[in-house]
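Working through the structure, step by step
So you can see what is in the structure, the chains are spelled out below.
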Amino acid sequence: MVKFSKQFEAQLVPEWKEAFVDYWQLKKEVKRIHKNLVKQRAMDANQSPRPHGTRLDVLSRFTALVKRKTRQLLHGNTEPDIIQIHKRLSGSAREDVYETEVLNVGQGPSEEGDAAAKAFFSTLDAQLNKVNQFYKSKEKDYLERGETLNRQMLILVDLKAALRQRAKHGDAENGSNSRHSDISVDSNDGFQENVEADEEEEAAVAGQEEQVVAAFEKNGVTFVGSPKRRLTTVEKEKEKEICMRNLKKSKSNKYGRSRSFNLQGRNMRMDIPITTPSRTISAITHLLWEDLVNQPKKSSFAASATAEETVAEGNNVMSKKKIHYAEKMIRGAFVELYRGLGFLKTYRSLNMLAFVKILKKFDKVTGQQVLPIYLNVVERSYFNSSDKAIKLSDEIEELFIQQFGDDNKRKAMKYLKPKQSKESHTITFLIGLFTGCFLALFVGYIIMAHIAGTYTNSTDPTYMETVYPVFSLLTLLNLHIFLYGCNIFMWRSQRINHIFIFEFARNRELKYQDVFLICTSFMTIVVGTMVAHLALRAKGFSPLDVDAIPGFLLLASIAVLICPLNIIYRSTRFSFLRVIRNIILSPLYKVVMVDFFMADQLTSQVPLLRQLEYVICYYVTGSFKTENYGSCSNNKHYRDLVYVVSFLPYYWRAMQCARRWFDEGDLNHIANLGKYVSAMVAAGARLTYEKQQNMGWLSLVVITSTIATVYQLYWDFVMDWGLLRPRSKNPWLRDELILKHKFIYFISMVLNFVLRLAWLQTVLHSSFESVDYRVTSFFLASLEVIRRGHWNFYRLENEHLTNAGKFRAIKTVPLPFHEVDED
């Protein structure tokens, strides 16, 4: 039977662990009481019996009798209370605080026993007060979120009603103006409108805008600054002045430009986050235009043009696409709030169960009946008696079914309560099967390669130039996948909530068993192909036919990755492709945790990218037909492209840092950008040294690589891992640690330092006797992948502890509608 302490730890919300009842500390207090009782009983057993009738004995019995009679007179003819629990108001918030007075717990005359009992109840009171305060604060937070979301929902419903009415009105309009009949794009992410339109088109647009505004006003929505009549010259100048002032105010708005409208007497604004390339380009263009307009020496013509453009822009209204995106944002916020309320229910039930369990342990040890007395107080305390969170959860469920589920509860519950995929024994069996096949094939391949002398410098280099690059890049990729599976296993075992950190869908995320299945099956295919290739070459088949096998394997792998059919983890494959797209198009996409985490993985796979460049060149140019494997490496354009391929991962990561600085304004992202720039400089110096091996370039390699390494080590230890804190309660580590043994962190820092020095191979040119230099390069590339897998665990540990320190268990979803001042 599993102990309650393990069940408790497995079911609690990881980010709220510190706010739960400290069941382990209370167990220590109970053990201390038990230890004192055993000690007291042993002393009583060894003590010689005292003769009856002595004055001391008579006096003690008389005193005990007087105390018992006094309590019976005060409390009636019942047994005296063991404890009394007092409730008082404390703090500026006037919150309820519970204090327990220990009257009689059967500890005997031992002072140590009385002190242990008082310490237990003091700790128990502290835990009860902590639980009540945390529950009240979270409940208040979620109730405020619920009220805000209700207001957002009402605005959305009104806008959708106006949009439907406008659509009906548009159906009756003449088709000649159909391109104006739809609600025009919000200025949030549109390009600068052309203010030099001809008068006829302006009149047509103005007429359509008046119709749109009228349709919205029928539903209680009016737009600030939307003209219903032609403005006078003075009013136009005043309008321009207001627009210029608003233009300056909006410079720090991370959502780009926004459009104000009036809803039932309140001025509102719709903000759509800059998450796509079009919105990013629009925001950057807008900021650059602001900088141009706000120059001290700008011409009056430029100022006038911009003001008129802003006025024209103010006449735009929201598009159907924008309202749909706002609906998506509100739906996501409802889902997160519902999850948070579910966590609050779990928090209440687990804490209640913890109080029951620990009080039972106390009663069992002391032989008293404290449970009904204290539990009555716990049941009446705020965290167990308040039903506001439960009511809000029911209201959200009902509203979600109505607004987002089309009155279909099953459809709505797919969002609110996605079903978790169950672990399958079939997957475990397949992992074992493929692992056995891989090991057998790998041993066979080593024997065949050793007999053929494939990896020595003395044999024909054709194999190493043509076939080996494909197999090595696939092997490096599989090694990375395997280490990711190990990371997931360790994160789960240490209760690091990687699913929340990466914002994965909870019904489609990969478990470590799935990752191991992908890795073992893929490696079995790769090694099996390697064995088949060597066997066919040994039997004398044409190299032209045989050497095409690795190319077909690579094409098959890519085909499976982009396959649109719902097979082989399609949702995961598409998510991976989306992340790669976001990385490649940096900084046009908003950067989230999974994006820059994956970009960091790519910085450790530069050798893989260089191998991929060679393989593409080898097969695309048709070199495999002529066996002219030197045509790529001797080509000037190919050699220049090596710099680009080596720089790309660092460039993408640097652009992500720039985008995060643009969105958040944190200068740490600029410092992080400098780290990747230094890595690019060091990589460029090493590539040049490979071509021009002289002392000048060698000195530059040592200098740039040393600077980059020190920069990276500092960022690894201090920023990414949160270690090297001299004033921490765990010296040179951090205050909160997940791993129990501190020495593991120091070993990890030393290991990371050693693996960071792999660039020394560029200087030393060390090799393993007669082994081909490509094998040495593969070995060093594998060490870098291993270092990255090792780095991953501590990176997410630090991120998880940051979330736990802020009790952040759900995402904060930005909301589209905001109330603004009238001007």
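Residues numbered from 1 in each chain as written. Predicted model: local features only at pLDDT ≥ 70, side-chain atom pairs only at ≥ 80, totals over all residues. Heavy atoms only, no water.

As a reminder, the rule being used: UniProt positions are given in the numbering used here, feature names are shortened, and annotations may be inferred rather than shown by experiment.
The name an unreviewed UniProt entry assigns to the chain is Phosphate transporter PHO1, from the organism Taxus chinensis. Its UniProt record gives the chain a comment under Sequence similarities (unreviewed entry), which states: "Belongs to the SYG1 (TC 2.A.94) family."

**Considering the overall build of the chain**
Stated formally: Secondary structure elements are defined from DSSP: runs of H or I of at least 4 residues count as helices, runs of E of at least 2 residues count as strands, and each element is numbered from the N terminus. Any two residues whose heavy atoms approach within 4.5 Å at even a single point are treated as in contact. Surface accessibility follows the Shrake-Rupley procedure with a 1.4 Å probe radius. Residue values consider only the protein chains on display as shielding.
From N to C terminus, the chain includes 32 helices and 6 strands. For the chain, the share of sequence-separated contacts (at least 6 apart) that also reach a separation of at least 24 residues comes to 75%. When the accessible surface of the chain is split by element, carbon and sulfur atoms take 59% of a total near 44200 Å².

**What to know about the state of the cysteines**
Under the convention used in this document: Two cysteine sulfurs form a disulfide in these notes if their separation is within 2.5 Å.
With the rule as written, the count across this model stands at 1 disulfide. Between cysteine 617 and cysteine 632 runs a disulfide, and the two sulfur atoms are separated by 2.1 Å. Looking down the S-S bond of the cysteine 617 and cysteine 632 bridge, the torsion is -100°, so its handedness is left-handed. Residue cysteine 617 is found in helix 24 (residues 606-620), and its partner cysteine 632 is found in helix 26 (residues 630-633); the two are separated by 15 residues along the sequence.

**Concerning empty space enclosed by the protein**
Quick note on the threshold: The pocket and cavity definitions rest on a 1 Å grid over protein atoms only: a 1.4 Å probe that fits but cannot leave marks a cavity, an open set with protein on both sides within 12 Å along at least five of seven lines marks a pocket, and residues lining either have an atom within 4 Å of a point. Grid points are joined across faces, edges and corners, and a volume is the space filled by probe spheres set on the points. In this classification, Asp, Glu, Lys and Arg are treated as charged, Ala, Val, Leu, Ile, Met, Phe, Trp, Tyr, Cys and Pro as nonpolar, and every other residue, Gly included, as polar.
Tallied over the full model, the rule gives 1 cavity of 30 Å³ or more. Estimates place the volume of the largest cavity at around 60 Å³. Taken together, Glu95, Asp96, Asn132, Gln133, Lys136 and Tyr382 form the lining of the largest cavity. Contributing elements (two or more residues each) for the lining of the largest cavity: strand 2 (95-102) and helix 4 (111-171). Ranked by residue count, the leading element in the lining of the largest cavity is helix 4, at 3 residues. Looking at the lining of the largest cavity, its residues break down into 1 nonpolar, 2 polar and 3 charged.

**Here we look at the packing of helix 30 (residues 743-755) against helix 32 (residues 773-805)**
Spelled out, the test is: Angles here are taken between N-to-C directions and fall from 0 to 180 degrees, while the axes themselves are lines fitted to C-alpha atoms, restricted in helices to the stretch in contact. A crossing counts as left-handed when the near helix is turned anticlockwise from the far one by less than a right angle, and as right-handed when that turn is clockwise.
Closest axis-to-axis distance for the helix 30/helix 32 pair is 10 Å, and the angle between their directions is 145°. The chirality of how helix 30 crosses helix 32 is left-handed. Here Ile744, Tyr745, Ser748, Leu751, Asn752 and Leu755 of helix 30 lie close against helix 32, whose contacting residues are Leu783, Glu784, Arg787, His790, Tyr794 and Glu797. For the contact of helix 30 with helix 32, a count of residues per class yields 6 nonpolar, 3 polar and 3 charged.

**Concerning the pattern of salt bridges**
Threshold: Salt bridges are defined as contacts in which a side-chain nitrogen from Lys or Arg sits within 4 Å of a carboxyl oxygen from Asp or Glu. Buried, partly exposed and exposed residues are distinguished by accessible area as a fraction of the type maximum, computed with a 1.4 Å probe on protein chains only: under 20%, between the cut-offs, and over 50%, respectively.
Evaluation of the coordinates by the stated rule reveals 24 salt bridges. Among the ionic pairs, lysine 391 bridges to aspartate 387, the shortest N-O distance being 3.6 Å. Take aspartate 387: its relative accessible area is 36%, and that puts it in the partly exposed class. One salt bridge connects arginine 610 with glutamate 690, and the closest N-O pair in it is separated by 3.9 Å. Of this pair, arginine 610 sits in helix 24 while glutamate 690 is found in helix 28 (residues 668-691), placing the two residues 80 residues apart along the sequence. Relative accessible area serves as the criterion here: at 28%, arginine 610 is assigned to the partly exposed category. A single network of salt bridges, built from pairs that share partners, joins Asp716, Arg756, Glu784 and Arg787.

**Some points on a positive patch on the surface**
Where we set the bar: Patches here: salt-bridge-free residues with over 30% relative accessible area, like charges joined within 9 Å, nonpolar side chains (Val, Leu, Ile, Met, Phe, Trp, Tyr) joined within 5 Å. All tallies of charge rest on Lys and Arg as positive and Asp and Glu as negative; His and the ends of each chain are not included. Note on charges: their place is set at NZ of Lys, CZ of Arg, CG of Asp or CD of Glu.
A contiguous patch of positive charge on the surface is contributed by Lys3, Lys6, Lys28, Lys31, Lys357, Lys360, Lys361, Lys364 and Lys740. Secondary-structure elements contributing two or more residues to the positive patch are helix 2 (23-46) and helix 10 (320-366). Looking at the positive patch element by element, the count peaks at 4 residues for helix 10. Structurally, lysine 3 can be placed in the segment before helix 1 (4-11). Judged by relative accessible area, which is 58%, lysine 3 ranks as exposed.

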